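So the chains spell out like this:
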Amino acid sequence: MAIVLGPNRYGKAETRVVRVVRDGGTHHIKDINVSSALSGDMEDVHLTGDNGNVLPTDTQKNTAYAFAKKYGVDQIEDFALLLARHYVDSQAPIRHARVEIEEYFWDRIPVSDGPHLGLREEQYSFVRSGREVRTCVVHYDQDEGATIVSGLKNLVVLNSTGSEFHGYVEDEFTTLKPTNDRILATEVSAQWRHRGEHGSFGRSYNEARQSLLEAFAETHSLSLQQTLYQMGRRVLNTRKEVCEVRMVMPNKHHFLVDLEPFGMDNPNEVFFAADRPYGLIEGSVLTDDAPAAGFAWN
Ligand SMILES: O=c1[nH]c(=O)c2[nH]c(=O)[nH]c2[nH]1
């Protein structure tokens, strides 16, 4: 029996970069979390400890900071691709780079010059937004080029009606009562795979997000699975640059509270929001002409 080295990669996880652009007294901020993972000719470092092919993870951290200064950070997909290409193109032993970025949103705190006066000329105060986290995973491979997956997580949504669940299998352990009217709530994690390397990731993101929200709100739901499929479908129908959507959606159960002991009825007005356990609904929706995913989801 021989023992061999299997697939491997190494990098710096979660380099937090905050880039400030100073436009006179008005500042703009970009708050991101960058993780890079490189692979290639890494037999020696694993087998003998020879670091001759290893670009240190510390250097990868520094590169994220230096690139933020040099190139700025606009769309996270573009920044991730810039970094991934840099590692593969500048270091012969590195043949593949995976760069993952999360982006956290900040809103402005509008500050005025005083009561009844206009906005202060300098605007540099921000409040962390309650919005979702934007994500991307970019792979750049020496032989196969780039794959780009965009996405979001922590997008919490709720329909207070328009959701039913009945007609399911019942066995000797089933106690769930069928319902024609329940709360449907979930925290959406969605990732969508781009067909190529197009140029407008900002617009693509905003419209994919909007499609997810509209489909969630507009689908009269017979199950969260059905809603998930409709949400993926809506993104694919509106964003032609996208060929596959993967979603993970916990069913955030809301149970009707029994108010009868207090002599009160409860026509879907008072709910107990349970945090666990939760149903976990996961699925992928794709176009039938979607190119092979390659390493996009790795
Ligand atoms: O939308 C739902 N899908 C399920 O598969 C399921 N199972 C369950 O108990 N409740 C629900 N709701």
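This is a predicted model, so every value here is computed, not measured.

Student: I'm lost on the packing of helix 2 (residues 57-71) against helix 3 (residues 76-90) in this one. Help?
Tutor: Each pair of packed helices can be described by the angle between their axes along with the distance between the axes. The contact between helix 2 and helix 3 brings their axes to 11 Å, and the two run at 125°. If you check the angle between helix 2 and helix 3, you find them oblique. Judged by the twist between their axes, the crossing of helix 2 over helix 3 is right-handed. Every residue of helix 3 that contacts helix 2 at Gln60, Thr63, Ala64, Phe67, Ala68 and Tyr71 is listed here: Phe79, Leu82, Leu83, His86 and Tyr87.

Student: Can you walk me through the UniProt feature "active site" (unreviewed entry) in the protein chain in this structure?
Tutor: In this structure's numbering, the residues bearing the UniProt feature "active site" (unreviewed entry) are Lys12, Thr57 and His253. For this annotated set, covering 242 residues, the C-alpha atoms extend up to 42.1 Å from each other, a dispersed arrangement in space. Within this annotated set, the largest pocket is lined by His253. Along the polypeptide, Lys12 turns up in the segment before strand 1 (15-23). Residue Lys12 is classed as partly exposed on the basis of its relative accessible area, which comes to 25%.

Student: Looking at this model, I keep getting lost on the packing of aromatic side chains. Mind explaining?
Tutor: When we look at a pair of aromatic rings, we describe it by the centre distance and by the angle of the planes. Summed over all chains, the structure comprises three aromatic pairs. Between Phe67 and Tyr71 the ring centres are 5.0 Å apart and the planes differ by 75°, which places this aromatic pair in the edge-to-face class. Linking Phe67 with Tyr71, this pair stays in helix 2, spanning four residues, or about one helical turn. A relative accessible area of 44% means that Tyr71 is categorised as partly exposed. Seen from their ring centres, Phe165 and Tyr168 are 4.9 Å apart, and the 15° between their planes marks the pair as stacked. By relative accessible area, which is 24% here, Phe165 ends up partly exposed.

Student: Please clarify how the site of the ligand should be interpreted in this entry.
Tutor: Close to the ligand lie Phe165, Leu176, Arg182, Ser223, Leu224, Gln225 and Asn251, which account for all nearby residues. Residue Arg182 places a side-chain N or O atom 2.8 Å away from an oxygen atom belonging to the ligand. Within the contact set of the ligand, a nitrogen atom lies 3.3 Å away from a side-chain nitrogen or oxygen of Asn251. Summarising the interface, the protein chains cover 71% of the accessible area of the ligand, which totals 290 Å² for the free molecule. Under a 2 Å grid-point criterion requiring more than half of the atoms, the pocket assigned to the ligand is the largest pocket. When the residues that make up the shell around the ligand are grouped by side-chain class, the tally is three nonpolar, three polar and one charged.

Student: Help me understand the pairing of strand 8 (residues 184-194), please; the structure alone is not making it clear to me.
Tutor: Put simply, side chains in a regular strand alternate between the two faces of the sheet. Within strand 8, eight of the 11 residues are buried, leaving the element largely enclosed by the surrounding structure. Alignment of strand 7 (residues 145-159) against strand 8, held across nine bridges, turns out to be antiparallel. Each residue of the ladder has a partner; that of Val149, found in strand 8, is Arg193. Looking at chain direction, strand 8 and strand 9 (residues 242-251) are connected through seven bridges and run antiparallel. From the neighbouring strand, His194 faces strand 9, where its bridge partner is Val242.

The rules behind each value
- Residues numbered from 1 in each chain as written.
- Predicted model: local features only at pLDDT ≥ 70, side-chain atom pairs only at ≥ 80, totals over all residues.
- Heavy atoms only, no water.
- Axes fitted to C-alpha atoms, helices over the stretch in contact; angles between N-to-C directions.
- Helix = DSSP H or I, 4+ residues; strand = E, 2+ residues; numbered from the N terminus.
- Parallel < 35°, antiparallel > 145°, perpendicular 65-115°, else oblique.
- Left-handed = near helix turned anticlockwise from the far one by under 90°.
- Contact = heavy atoms within 4.5 Å.
- UniProt positions renumbered as here; feature names shortened; annotations may be inferred.
- 1 Å grid on protein atoms, 1.4 Å probe; cavity = no way out; pocket = protein on both sides within 12 Å on 5 of 7 lines; lining within 4 Å.
- Buried < 20%, exposed > 50% of the residue type's maximum accessible area, 1.4 Å probe, protein only.
- Phe/Tyr/Trp six-rings, centres within 6.5 Å; stacked < 30°, edge-to-face > 60°.
- Near = heavy atom within 4 Å.
- Polar contact = N/O pair within 3.5 Å; in protein donor to acceptor, adjacent residues only side chain to side chain.
- Areas by Shrake-Rupley, 256 points an atom, 1.4 Å probe, with all protein chains shown as cover.
- Sits in = over half its atoms within 2 Å of the grid points.
- Nonpolar A, V, L, I, M, F, W, Y, C, P; charged D, E, K, R; others polar.
- Pairing = 2+ DSSP bridges.

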